[in-house]
Amino acid sequence: MISERLADPVTGAVLVLGGGIAGMQASLDLAEQGFRVYLVESKSAIGGHMAQLDKTFPTNDCAMCTISPKLVDTGRHHNISLMVDTEVLEVEGQAGDFTVTLRHKPRYIDPTKCVGCGDCAAVCPVSLPDHFNEGLAQRRAAYKLYPQAVPNAYAIEKLGVAPCRNACPAGQRSQGYIALIGEGRYREAFRVIKEDNPFPSVCGRTCHHPCEGHCARALIDEPVSIMALKRFVVDFALAYGREKVESVARTRPEWIAVVGSGPAGLTAAHDLVKLGYGVTVFEALPVPGGMMRVGIPAHRLPKGVLQQDIDDILALGVVLKTNSPISDPRKLLEEGFNAVCLATGISARDHSLGLEGEEAEGVISAATFLRKINLGQPVAIGSRVAVVGGGITALDAAAVARRLGAEEVIVALDRPRGELPAYSWEMEALEAEGIRVVEHTTATRIVTGDGRVTGVEFARVGKGMLTDERGRRRPTVEPGTQSSLEVDTVIVTVGQQSDLCFLDAGYDELTSDPQTLSSQIPGLFVVGGRKTGASFIIEAIALGHRVAASIHRYLQGKPLEEPERLRPPAVKFSREELQQRVRDGGITLSPRAETAMLPTQERVTGFREVVLGLTDRQARAEAKRCLQCGLCSECLACVYACGVDAIDHEMVECLEQVHVGSVILAPGYQVFQAELSQEYGLGRYPNVVTSLQLERMLSASGPTGGQVLRPSDGCPPRRVAFLQCVGSRDQSHDYCSAVCCMYATKEAILVREHSPNTEVHILMMDVRAFSKGYQAYYDRAREKYGVRYTRSRISALKEDPENGNLILRYVRDSASTTSEQLSHTIPHQISIVEDSFDLVVLSVGMEISPQVRSMARDLGILLDDYGFCHTVAFDPVQTSRPGVFAIGPFREPKDIPESVIDASGAAGRVATLLAPARDTLTSAPTYPAERAVGHETPRLGVFVCHCGSNIAAYVDVEDVAAVASRLPDVVHAEHLLYACSQDSTALIQQRITEHDLNRVVVASCSPLTHGPLFQDCLQKAGLNPHLLAMANIRNHCSWVHSDDPDLATKKAKDLVRMAVARASALSPLFKLPAPVRRAALVIGGGAAGMNAALTLAEQGFPVHLVEREHQLGGNLRHVRYGLPRSGNSEAPDPQAYLAVLISTVTAQPEIEVHLATEVVRTRGFVGNFTSRLRGEAGAEREVTHGVTIVATGGEEYRGPDYGYGSHPRILSLQEFEACLAAEGTRASADSGTWIDLAGVRQVVMIQCVGPAEEYCSRICCALALKNALRMKQAHPATQIIVLHRDIRTYGFKESLYRQALREGLLFVRYDDASRPIVEAPTGDGGLRIRTRDPILGTPITLEPDLLVLAMPMVPARGNRALATTLKVPLDQNGWFLEAHVKLRPVDFANDGIFLAGAAHYPKLLDETIVQAQAAASRASVILAKDSMSIGGAIAQVNPDLCVGCLTCVRICPFGVPQIQTETAGVGGLMGAAYIEPTICQGCGTCIGECPAQAIELLHYRHEQLERQVLSLFEPCLTSR
Amino acid sequence: MSDMSQAEMQIVAYSCHYCAYAAADLAGVLRLSYPAAIRIVEVPCTGRLDVLEVLHAFEHGADGVMVAGCLEGDCHFQAGNLNARRRVARVKELITAVGLEPERIEMFNLSSAMGRQFADYAVKMTQQTASLGPSPLRAASGRVSRTGAGGDGLGTRREGSGDVGPSTQKTPAAHQERQR
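The sections below set out a description of the structure shown in this document. All values reported here derive from a predicted model rather than from experimental measurement.

About the cut-offs
Residues numbered from 1 in each chain as written. Chains lettered and ligands numbered in written order. Predicted model: local features only at pLDDT ≥ 70, side-chain atom pairs only at ≥ 80, totals over all residues. Heavy atoms only, no water. Pairing = 2+ DSSP bridges. Helix = DSSP H or I, 4+ residues; strand = E, 2+ residues; numbered from the N terminus. Axes fitted to C-alpha atoms, helices over the stretch in contact; angles between N-to-C directions. Contact = heavy atoms within 4.5 Å. Salt bridge = Lys/Arg side-chain N within 4 Å of Asp/Glu carboxyl O. Polar contact = N/O pair within 3.5 Å; in protein donor to acceptor, adjacent residues only side chain to side chain. Nonpolar A, V, L, I, M, F, W, Y, C, P; charged D, E, K, R; others polar. Core = buried A, V, L, I, M, F, W, Y, C linked by side-chain atoms within 4.5 Å. Buried < 20%, exposed > 50% of the residue type's maximum accessible area, 1.4 Å probe, protein only. Phe/Tyr/Trp six-rings, centres within 6.5 Å; stacked < 30°, edge-to-face > 60°. Lys NZ or Arg CZ within 6 Å of the ring centre and 35° of its normal. Parallel < 35°, antiparallel > 145°, perpendicular 65-115°, else oblique. Left-handed = near helix turned anticlockwise from the far one by under 90°.

### Side note on the sheet that holds strand β56 (residues 1306–1309) of chain A
Residue and element names in this part refer to chain A.
Okay, so step 1: Read across the open sheet, the five strands follow the order β53-β60-β54-β55-β56; overall the sheet is parallel. Every interior strand has two partners, whereas the edge strands, β53 (1210–1212) and β56, have only one. Strand-to-strand twist in this sheet, taken as the mean axis angle between neighbours without regard to direction, amounts to 25 degrees.
Okay, so step 2: In this structure, strand β55 (residues 1279–1284) lies alongside β56, joined through four bridges in parallel fashion.

### Quick look at the sheet that holds strand β24 (residues 489–492) of chain A
Residues and elements named next belong to chain A.
Okay, so step 1: In space, the five strands of this open sheet follow the order β16-β24-β17-β18-β19, with parallel pairing throughout. A single partner strand is all that each edge strand has here, and the edge strands are β16 (363–365) and β19 (435–438). Put simply, the sheet's adjacent strands are angled 20 degrees from each other on average, direction ignored.
Okay, so step 2: Of the strand pairs in this sheet, strand β17 (residues 384–388) and β24 are connected by four bridges, and their pairing is parallel. Bridge pairing links V387 to I491 in β24.
Okay, so step 3: The strands that helix α14 (residues 366–374) touches are β16 and β24; relative to β16, the one it contacts most, it runs at about 80 degrees.
Okay, so step 4: Docked against the sheet, helix α15 (residues 392–403) engages β17, β18 (408–412), β19 and β24, running at close to 175 degrees with respect to β18.

### Some details on the interface of chain A and chain B
Okay, so step 1: Each side of the interface is counted separately: chain A has 65 residues, and chain B has 66 residues.
Okay, so step 2: Across the contact surface, chain A and chain B share three salt bridges.
Okay, so step 3: In this structure, the salt-bridge partner of R86(B) is E1489(A), at a minimum N-O distance of 2.9 Å.
Okay, so step 4: Counting across the chain A and chain B interface gives 18 residue pairs in polar contact (both at pLDDT 80 or more).
Okay, so step 5: When residues of the side of chain A that touches chain B are traced back to their parent elements, those giving at least two are β4 (61–62), α2 (63–76), α3 (119–123), α30 (1007–1020), α31 (1034–1038), α32 (1045–1065), α41 (1485–1489) and α42 (1502–1510) of chain A.
Okay, so step 6: Of the residues contributing to the side of chain A that touches chain B, the split by class is 32 nonpolar, 20 polar and 13 charged.

### Some details on the nonpolar core
Okay, so step 1: I664(A), V840(A), L842(A) and Y34(B) are the most contacted members of the largest nonpolar core, which has 177 residues in total.
Okay, so step 2: Ignoring any residue separated from it by four or fewer positions in sequence, one finds I664(A) in contact with V14(A), L15(A), V16(A), L17(A), A26(A), L30(A), F885(A), I887(A), A906(A), A907(A) and V910(A).
Okay, so step 3: Residues I109(A), C980(A), I1033(A) and L1066(A) belong to the second largest nonpolar core, which totals 93 residues.

### Overview of the packing of aromatic side chains
Okay, so step 1: A full pass over the atoms with the stated rule returns 23 aromatic pairs over all chains.
Okay, so step 2: Cluster of aromatic residues (ring-pair linked, three or more members): F57(A), F770(A), Y774(A) and Y1290(A).
Okay, so step 3: Here R191(A) stacks its cationic end above the ring of Y640(A), 3.5 Å away from the centre of that ring.
Okay, so step 4: The lysine or arginine in question, R31(B), covers the ring of W1039(A), its NZ or CZ lying 4.0 Å from the ring centre.

### Examining the packing of helix α2 (residues 51–60) of chain B against helix α3 (residues 80–97) of chain B
Residues and elements named next belong to chain B.
Okay, so step 1: Between α2 and α3, the shortest axis-to-axis distance is 10 Å and the interhelical angle comes to 45 degrees. By the criterion of interaxial angle, the relationship of α2 to α3 is oblique. Considering how the two elements wind past one another, α2 and α3 form a crossing that is right-handed. Contacts from V51, V54, L55 and F58 of α2 reach α3 at R87, R90, V91, L94 and I95.
Okay, so step 2: The residue inventory of the contact of α2 with α3, partitioned by class, reads seven nonpolar, no polar and two charged.

### Thoughts on the environment of L655(A)
Residue and element names in this part refer to chain A.
Okay, so step 1: Here L655 is to be found in strand β28 (residues 654–660).
Okay, so step 2: On the basis of relative accessibility, which here comes to 55%, the residue L655 falls in the exposed class.
Okay, so step 3: As a C-alpha pair, L655 and L940 span 285 residues in sequence and 46 Å in three-dimensional space.

Here is the structure:
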């Protein structure tokens, strides 16, 4: 209870961070109490760790069964905004008024459109480790977190843009086509290449492939052969016939002229024609293709290959006009073209190098040379050819010259060969053809004679460049290195440049904007223009895309500037990261695939293509080398597969701010990352798994289908060892993770249940079975299931390389293994054991992830010494920042029920802060008034869903709809592509009105997931939601009978017929409001009762707080010392807290305290109870209340065990604490004897006394150590010996144990067979305790001055009577029994009654406080409403048929039916059964039992079920 | 072996809302095939099972009845499944008395995560029913019998016709492969 400065007014909304079980519970509680909730989850679905679990201890309940109703409730709650894929960045403001900044990460699939059909995952080529299955299985990059995930939508896992795509000017999705090649899906690969690049054939051969330069693989071995893979796809597509390209329909009236048919012009034409424009391409040359055609020789780019790409573009509907030079583009605009694009690229004009002799005969520019050759024009060439200038064109020219018959060809490069955009093998191939390549050499002069070339003078290139008089940059020459060479032809390679010299005069000033490519003349766009140097083909393609987009914007009348848009980040790996992945085995080094080449002798004889491409096998192997940098490859297969257009690969993250009054943090834990601790072998030895991995194996829906198999060989293990305390109770994690002992026990039991012959050993220090039912569970594991527990500490773990088994070496504490050994008289030794197991399971502890810690720091939340969230003393969920609360394992390791309690507790705390703003930001769905259809004859509409291809591929849905249309009462039937899509639900509403439907059948998927959606649809159309019947023809039919479509169709018809029969018999169901008495009765005035009362009263609800004693305080009055949170922190003062608590309660006007009072009678039901209170002297009064909270606590046991009560120096824990508090000079509680603690030399403490031998009393270990440490502090010389079974200092209480060991306390273990024997002589004689040394096995005799017995907490006297009064159950030990041990820990099964504190089970103070707040929160869910809806699908008695036989009264598991003497039954005899609709649970158990069939379960009436079943046996219709 | 066609057989599978129905949904999600004779009827709890209703189903020609509820001890409504088990035993007595085989009705227990087991139980129930042959009450109920038409007998192990006992079951991974 820290005092907060609250904003005024407060905001009635709450942000809950974390969608695990705690976050969901907090959200549901708050939303039900009238607050708007933003539930933020960083993953793609809620559910947290609990969704991963198979069963839960100690009841072995299925985790998924218990969590899935919560998932659905959370996902559909009207006042919960579910924000998955979202993180909290910042929280500003103060309690009551926070502004929270959120980051929504891109999911790439719109969950509001996604129908969860899974078609995207089915086509996704990228396989990734399935984190939900803890890496035991693979899943696709398009995935749903788990089958029952909420929201029921897929997501795409994408890190960002892969480096290859990022490097490509045209943004080619290389990783996409590579992934598809890896799967052998070549046609799809071709399709994705064409998405970004209309010249796949060209770029597969001649690209300068910057992608390969940026390939992350280059950091570890060699880049992936991306270009060769592209070519492979193209060759494949060509080899098997390219799919015919269909022309695109003209949808826009505008016509565009493109001048130039090079890569830029044709790309622009391609894009524009696809947008629906008319496009004409004008080309000056007789052939299209520009430099691709005339600049690249055929041995590198065969003409047919190029033509194929061009043909595909023309086939789209582009008009090509060759031999059509354009010199006046304005005229084109005047002629009626709406836009003109100049994409003329490199000019035909020759440039010169400026060398002496360049004009001589026999000198030719490389560009001209290649153009002539490519156009089939004659070129004379000598036998000795020099190519000067360098560049890739020089290489091409040299190769062509050689092929034309030149005998000697020399290429002079002015730079090292490595600087050319050519592979070294290309250069080598050139040399193999007999071409000489010299580096660092430049031509200085062309030697001529008679106007003809006779030779060239070369010189070595010096350092630096110089600029000549014409502004050209030339290499410098090293003086004195000149030499000359006799040649007859010189081919000069000059830097080429685009220009606009072909244009008429009047265009001299024509320029274009570098971004939009628009010129000064409206409608005229210029690519290249005058300034850009020769660009690579892929850059020209990129420009083509850009100008097309620009022209499109121009024609649409939009601003030409492309709007600023966030782009996904490019992925970048460091060498270290990748090397680590290599070391971890994630990446295997492998050489790059090399393409085969034409034999040298065949090359120079003609123009056959030199590079031959990859083989199928090579290509697939090479594709598998891809590191999948972006995770999702952006292959777009999902986009093509998705039938609802839900996929958007261009999504980017976005920020959002929400205003809330409070924040609840439930980010959860991560399991200890054991692979970082080498000694456990996780990640190195395949047969070492974590407990969470084993949990997934045990899960029936897990990767092994519920079988435990060794990862190394898939065999079932015969010997399994669990190693406890991995990442707990060690140097780095000096706390206990509190759950591992029990989950290991559970998993051990399940392993034994699955295969009874498997030996299971649990190697542990202590078994911490500290909570309700845990000890019995642990006993059952040993006794019934034969799980073997061995106290030990592992010293070594290594793998047997022969068989993958694991050899464990450990020190065994032999005395504690089995009782048989103990009965032996031979002294035992410390034994070192070496043992071999097939499978080792690491029971990993809990820790807080670095991300969560950094988030906490960003939010200004203090963390504690353990890195968990610091919370305030006596306000367990309050963080260091007012208005911000922490729940679940984030504040201390804990189990599911404690997390749920935290969640409700925090909801209670929030409600006290925000009560004034309750109901201000919430809303209820509004529907039109419901049509009364009861009297109408049924008019049914049947809607049969295709679910894309999920149903329609196996079931003939049209036939099903046709048959349905002729079933009785059906007036309309149709089939829909996706019944659940927004347009379909709108259509269903429309059909309801059109055809006046009064019942609806949807034949699609499961009512569990989609029932509420279609019910909502009915309500919107004015029908009662219960007039819907669903036929599950997907999950129960098409998906399971995909091997036999005929059978599947027949069954689908049966299922529809059944649904139709049921629907005809359906009647509306109504819920009626019942007023709520907005007051609470809290029974018990201890810490639990007072906190519960305060939490309610501070929200303005009146509370009757009833206490049996004459004063408030309960057990808290006996607690003198608090527990420190960690070894370094201060212990808080409980008595000071108690004083404040009592004064606050007393001063609170809404609380009426009834001291010395008991509840003697209660009647009524949830929302409306009346109870009779009996005070002192028997005075009675009645109070009315909507809810009841039981907080009657427990008390310290006072049995005669170990001589208690017979000797003044035998004290209970509470007595010892009182004694310590009084400095040892006060009398012990009962005996009246004085004990001087200063004179005590030795104290012996015995743990687990009396009833605690049967159940663990949970708190005694911590309390005993707390007091022992106090004693040690006050009297350091005193020796303290603790006789114990297990030390159960769970969670952060472990710090007490560590401190006790440090302070020299002695711990001596005993077990059931060797309990200590206490000799306590009458009077004040010496105590004598006999026990046994657990290690040596020898008897020990102790003669302490003081014996402290850890008397356990037992249920309070009067619990049994109260249970009878309230009609609530007790468990076998006398504790009140909650509705569900995991998920409803403070609810009774009886609605409206809750429990808190030690009435439930022994608890420490913090646990009690939060549970009290939780009970109050659960109660507030009822009190926050004026009225409750009652009714629905519940049982109803027809008294006219009831004989009052009591059968229903006896069978109902909830004790609801009662015989009402005032109601007339069959034959008018008084005394008929009555079922109170507010408390009936709707199971129908009474219906099957009633001998008179006098009870009906609404919505499952006899008639409804029978018509449904019997319709199966009517003669079935066939389609006409 | 009977000559009853799988396409002809009708097995009513009363499945509880919280566990068995959800398990059947999951079997679908995991694409586990089981015989098409299974006709699932959702009930809030197997405790709703009414002996008379089941007898009516047999009377009208059901070849088998499968009752699938939560695991024992895990009933969402505490003890509905235990009551159902008792009633199934009662139906067995009653149908035996009229000459039907008691094996035509069975009770199964599973959790909502046990999709695989649902498929297994469906296979088991179908095989068990098929081995008994068509219900003799089918003709009496006036249901048209088209025995032999459309599909093999169940015993002839037609390739991929849903005859997937646990040993031949496809793993989800293998199934995904097949889809692709």
